[in-house]
Amino acid sequence: MIKLDISKALVSAEKVAAFEGKVAEAQQALENGTCAGNDFLGWLHLPSSISAEFMTELQDCAQTLRENCDTVVVAGIGGSYLGARAVIEALSNSFQWLTNNGENPTILFAGNNIGEDYLYELTEYLKGKKFGVINISKSGTTTETALAFRLLKKQCEDQRGKEMAKKVIVAITDAKKGAARVTADKEGYASFIIPDNVGGRFSVLTPVGLLPIAVAGFDIAKLVKGAADMEVATAASVPFSENICAQYAAVRNALYQEGKKIEILVNFQPKLHFMNEWWKQLYGESEGKDGKGIFPAAVDFSTDLHSMGQWIQEGERTIFETVVSIEEPEYKLLFPADEENLDGLNFLAGKRVDEVNKMAELGTQLAHVDGGVPNMRLIVPRLDEYNLGQIIYFFEKACGFSGLILGVNPFNQPGVEAYKKNMFALLGKPGYEKETEAIKARLAR
Ligand code: PA5
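Quick caveat, the model's predicted, so the values are computed rather than measured.

About the thresholds
Residues numbered from 1 in each chain as written. Predicted model: local features only at pLDDT ≥ 70, side-chain atom pairs only at ≥ 80, totals over all residues. Heavy atoms only, no water. Salt bridge = Lys/Arg side-chain N within 4 Å of Asp/Glu carboxyl O. Helix = DSSP H or I, 4+ residues; strand = E, 2+ residues; numbered from the N terminus. Buried < 20%, exposed > 50% of the residue type's maximum accessible area, 1.4 Å probe, protein only. Contact = heavy atoms within 4.5 Å. Near = heavy atom within 4 Å. Polar contact = N/O pair within 3.5 Å; in protein donor to acceptor, adjacent residues only side chain to side chain. Nonpolar A, V, L, I, M, F, W, Y, C, P; charged D, E, K, R; others polar.

## Things to note about the pattern of salt bridges
Part 1: Using the criterion set out here, one finds 24 salt bridges in the structure.
Part 2: When the shortest N-O distance is used, the salt bridge between glutamate 328 and arginine 352 registers 3.1 Å. Of the two residues, glutamate 328 sits in strand S9 (residues 319-328) while arginine 352 sits in the loop between S9 and helix H15 (353-370), which places them 24 residues apart along the sequence.
Part 3: Among the charged side chains, a salt-bridge network with shared partners connects Lys153, Glu157, Lys162 and Glu187.

Shown next, in the form of structure tokens:
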């Protein structure tokens, strides 16, 4: 199992223990469904409730896409995007996931921005490709995703014909409402439902994440098993001191009380970049409300030690770090000896690249702790489906605890609507006439 090391968190055991009651209360409220946002608790026992039949249904759909596509575009944004991308990037060959390696389709992502060049270049790239689309949107009305899907649907139909398009376009959306549902039903696309009681950022273990991950060729059964084992390892019956979700939630809230307002999620493996992005959304959208919340930031080390390292070492002392540390890489690569030793690196000859990386990690921890940056480490034996499943569930449950301890509703995101209202008003969307007038008047002032 993955482990949490809080020994360098620079917070006393008493302060952490002081949160035991609050964590227990939060966990009880989650289990009893009595907390704020209790209509969005479907993620809590999701891993242990996924049936073998459902997994087979997902695998069959993934197989249809794999057999009929060299490229699959996953359209979605926020919670309908980041989890799948995080897992696929973490498990893929760094240089092959964007280029078909012959066994698995290339997975591309769209609908997560409105960049004209991005969409133009995507449509150009897809010319002549046997591509399919997974259209993911819980509401079924998200503009970024809907716009990309409109382009992709037309291109797919034009390139592959209406009949094949029906086979290679899949919708993952609400059971009844939203444009994505209407289109899927009318066109006869295969579709999966996003459960009502699972919010976007907690949905990676629903078809939202599982289908794209299966299409990419990864073992979703192992991913779910990892999450299910973490569900058991962090159950309400597990004592506070052994429950890593409870410990993480307690430490971060204790640090927040001491003025540590920013948490930086750190990795030392570039493949984890999008896990950082997924985590930022999970914690940012869950906690940042009512004028409260730790600001979730993220860095890729050692890359960002050469950009953000200075700030972290000596900037304002309002930060703490959580490092996702991978114990054993997939491959072995040794530094060769060099007779001339012009670069002076013979002291590393015969050593593994990872040994140097681990010393960078340890050296950074020592330096940052010396600099007054509390440090937690999530220790992960290796980067595989099983451990990623554990990481996902660990962060989700700890987020539920943390948000409730903070006193916010961790499962809504009312603030996300503000920009949408303005954008629709500015674009003259039907139904927004009053807002359009108000915004025009405001801009004219
Ligand atoms: O976590 C969330 O709820 C959001 O990030 C949504 O996932 C995101 O806004 C996309 O919404 P939808 O799936 O409705 O298109």
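Moving on from the coordinates now.
## Some thoughts on helix H17 (residues 417-427)
Along an α-helix, residues three or four apart share an orientation, since each turn contains 3.6 residues.
Part 1: The complete set of buried residues in H17 reads Lys420, Met423, Phe424 and Ala425.
Part 2: Buried residues in H17 make contact with helix H7 (143-160) and helix H18 (433-444).
Part 3: Within two residues after H17, glycine 428 carries a phi angle of roughly 75°, on the positive side.

## Focus on the site of the ligand
Part 1: With respect to spatial proximity, 13 residues lie near the ligand, and among them Ser80, Ser137, Ser139, Thr142 and Gln281 are the closest.
Part 2: Measuring from an oxygen atom of the ligand, one finds a backbone N or O atom of glycine 79 at 2.9 Å.
Part 3: The separation between an oxygen atom of the ligand and a polar side-chain atom of glutamate 285 is 3.0 Å.
Part 4: When grouped by side-chain class, the residues that make up the shell around the ligand number one nonpolar, nine polar and three charged.

What is shown is where atoms sit, not what they do.
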